[in-house]
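Coordinate analysis (summary)
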Amino acid sequence: MAIHLNGKKVAEELYSKLLLEVSLLPIVPKLAVILVGSDPASQTYVKTKEKKCLSLGLQSETFTYSQDVTESELIEKIKKLNEDKSVHGVLIQLPLPAHINKNRLMEYLSPLKDVDGLTPDNAGRLAQGIPRLIPCTPHGIMALLSFYGIPIEGKRVVVLGRSDIVGKPMAQLMINANATVTVCHSKTKEIKEICQTADILVAAIGKPKWLGPDFVKSSCSVIDVGIHREGETFCGDVDFEEVEKKCHAITPVPGGVGPMTIALLMKNLVLAASLQSKPGRRP
Ligand SMILES: NC(=O)c1ccc[n+]([C@@H]2O[C@H](COP(=O)([O-])OP(=O)(O)OC[C@H]3O[C@@H](n4cnc5c(N)ncnc54)[C@H](OP(=O)(O)O)[C@@H]3O)[C@@H](O)[C@H]2O)c1
């Protein structure tokens with residue numbers, strides 16, 4: 001049976017270190033969340049983030065907009081939050097309605113307040129190997145692998161998905177850690193054969209239980225980013241019950257990548273606050 005990579009436990013360890021860091025800061029970091037529409041999953045994620053801020057003694061405020069908000073209204077709000085010295089991190093909850101261009105919004109967000117690591121500045125820094133604020137999910141995955149001592153250097157990593165928030169930064173982090181990386185997406189041919197070569201396989205495609213045991217070799221560590229409601233509980237992009245019988249290590253859903261994402265968001269907020277409290281730093 002595979003080793004279960006327990007994100008809940010690793011996140012708790014991260015929080016104890018973070019509490020100490022927060023107590024040493026001369027300010028109380030504050031997160032501003034922009035939430036558009038009434039998607040229940042987005043509302044739940046935002047509530048989880050607010051609660052976690054509270055439990056760590058951090059502040060948070062959510063600004064809610066209706067589904068038909070315009071791009072310019074959101075840009076005006078972002079500009080105000082950039083100027084607001086009491087706010088240290090700004091998160092725009094995704095997904096946004098189709099008429100809003102996420103990348104256009106990111107061009108207006110201050111890179112020092114970009115706790116999701118999605119501005120062109122932070123994405124470019126990551127690509128150049130000089131990261132500052134890194135997208136939380138892939139950063140959390142790196143922390144999880146490191147905690148369990150899973151080697152990355154020289155290994156073959158396959159990333160399923162190429163989103164700006166998971167797939168692409170995951171691939172960049174793995175390249176920076178000296179892995180040999182293949183990124184697959186909906187147009188990739190022979191995807192199963194590619195997956196079978198992976199020492200580490202990251203599934204972030206948004207399809208419930210899509211990845212079965214025939215995709216993995218026995219020495220593979222499987223990271224499941226997907227999260228889908230399944231009755232009273234959740235499942236991931238990986239068929240956990242079947243794949244865990246075959247692979248070396250695997251993240252459960254829930255309790256794997258999800259808690260690490262929240263933990264790294266809190267870490268990014270504290271980092272953003274400390275970056276902003278340092279005088280003379282370039283934006
Ligand atoms: N646990 C967490 O903390 C956390 C955080 C973020 C996201 N998530 C979850 O992770 C999943 C992925 O999120 P995301 O934001 O990256 O999703 P996304 O923006 O929808 O991207 C999905 C990616 O998967 C690719 N894809 C879709 N079907 C595929 C297939 N059959 N074979 C190969 N590639 C395929 C798409 O390819 P194309 O580019 O060609 O369309 C796209 O690149 C979702 O379930 C999301 O809810 C969880």
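Below is a summary of the structure that appears in this document. (Residues numbered from 1 in each chain as written. Predicted model: local features only at pLDDT ≥ 70, side-chain atom pairs only at ≥ 80, totals over all residues.)

1. Let's talk about the overall build of the protein chain
Summing up its helical and strand segments, the protein chain has ten helices and eleven strands in all. At 19 Å, the protein chain has a C-alpha radius of gyration in line with the 19 Å of a compact globule built from 283 residues. By principal-axis analysis of the C-alpha atoms, the protein chain measures approximately 50 × 40 × 40 Å. Each of the 283 residues in the protein chain was classed as buried or not, and the buried ones make up 42%. Restricting the contact set of the protein chain to residue pairs at least 6 apart, pairs at least 24 apart contribute 71%. (Helix = DSSP H or I, 4+ residues; strand = E, 2+ residues; numbered from the N terminus. Rg over C-alpha atoms; globule rule 2.2 N^0.38 Å. Buried ≥ 20, exposed ≤ 12 C-beta atoms within 10 Å, placed from the backbone. Contact = placed C-beta atoms within 7 Å.)

2. What to know about the environment of Arg 132
In this fold, Arg 132 is placed in the loop between helix H5 (120-127) and helix H6 (136-147). Classification of Arg 132 as partly exposed rests on a count of 17 C-beta atoms within 10 Å. Note: C-alpha distance between Arg 132 and Pro 254 (122 residues apart in sequence) is 28 Å. Every residue in contact with Arg 132, bar those within four places of it in the chain, is listed here: Asn 122 and Arg 125.

3. Focus: the site of the ligand
Taken together, 24 residues lie near the ligand, and Gly 161, Ser 163, Ser 186, Gly 206 and Thr 261 sit nearest. A breakdown of the residues in the shell around the ligand according to their chemical character gives ten nonpolar, eleven polar and three charged. (Near = placed C-beta within 6 Å. Nonpolar A, V, L, I, M, F, W, Y, C, P; charged D, E, K, R; others polar.)

4. A look at the sheet that holds strand S4 (residues 89-92)
Pairing within the open sheet is parallel, and its three strands lie in the order S3-S2-S4. Strand pairing shows two members of the sheet lacking a second neighbour, strand S3 (59-65) and S4, which therefore form its edges. Along the sheet, successive strands turn relative to each other by an average axial angle of 15°, direction set aside. Set on the sheet, helix H3 (residues 71-83) makes contact with strand S2 (30-36), S3 and S4; between it and S2 the angle comes to about 180°. (Pairing = 2+ DSSP bridges. Axes fitted to C-alpha atoms, helices over the stretch in contact; angles between N-to-C directions.)

5. Remarks on the packing of H6 against helix H7 (residues 167-176)
It is the contact of H6 with H7, at a shortest axis distance of 8 Å, that shows an interaxial angle of 40°. Remark: the crossing between H6 and H7 carries right-handed chirality. Facing H6, whose interface residues are Pro 138, Ile 141 and Met 142, H7 presents Pro 169, Met 170 and Leu 173. (Left-handed = near helix turned anticlockwise from the far one by under 90°.)

6. Description of H3
Relative to the 18 Å expected for 13 residues at 1.5 Å per residue, H3 spans 19 Å between its end C-alpha atoms, a close match to the ideal helical length. Residues of H3 that are buried sit in contact with S2, S3, S4 and helix H4 (102-108). (Expected span 1.5 Å × (residues − 1).)

7. Describing the environment of Pro 111
Looking at where Pro 111 falls in the secondary structure, it is placed in the loop between H4 and H5. Its 21 C-beta neighbours within 10 Å are what place Pro 111 among the buried residues.

8. Some details on the packing of helix H2 (residues 40-55) against helix H10 (residues 257-276)
Two elements in contact, H2 and H10, have axes separated by 11 Å at closest approach and are oriented at 55°. For the element pair H2 / H10, the angle class is oblique. Considering the relative orientation of H2 and H10, their crossing is right-handed. Residues Thr 48, Lys 49 and Lys 52 of H2 touch H10, and the partners they reach there are Ile 262, Leu 265 and Met 266. Tallied by class, the residues present in the contact of H2 with H10 amount to three nonpolar, one polar and two charged. (Parallel < 35°, antiparallel > 145°, perpendicular 65-115°, else oblique.)

9. Side note on the sheet that holds strand S5 (residues 156-160)
One open sheet accounts for six strands, arranged S1-S11-S8-S7-S5-S6; its pairing is parallel. Every other strand in the sheet has two partners, leaving strand S1 (3-4) and strand S6 (180-184) as the edge strands with one partner each. One ladder, built from four bridges, connects strand S7 (residues 200-203) with strand S8 (residues 221-224); its direction is parallel. In the sheet register, Ile 200 faces S8, and the bridge partner there is Ser 221. Most of the contacts of H7 go to S6, to which it runs at about 170°, and overall it touches S5, S6 and S7.

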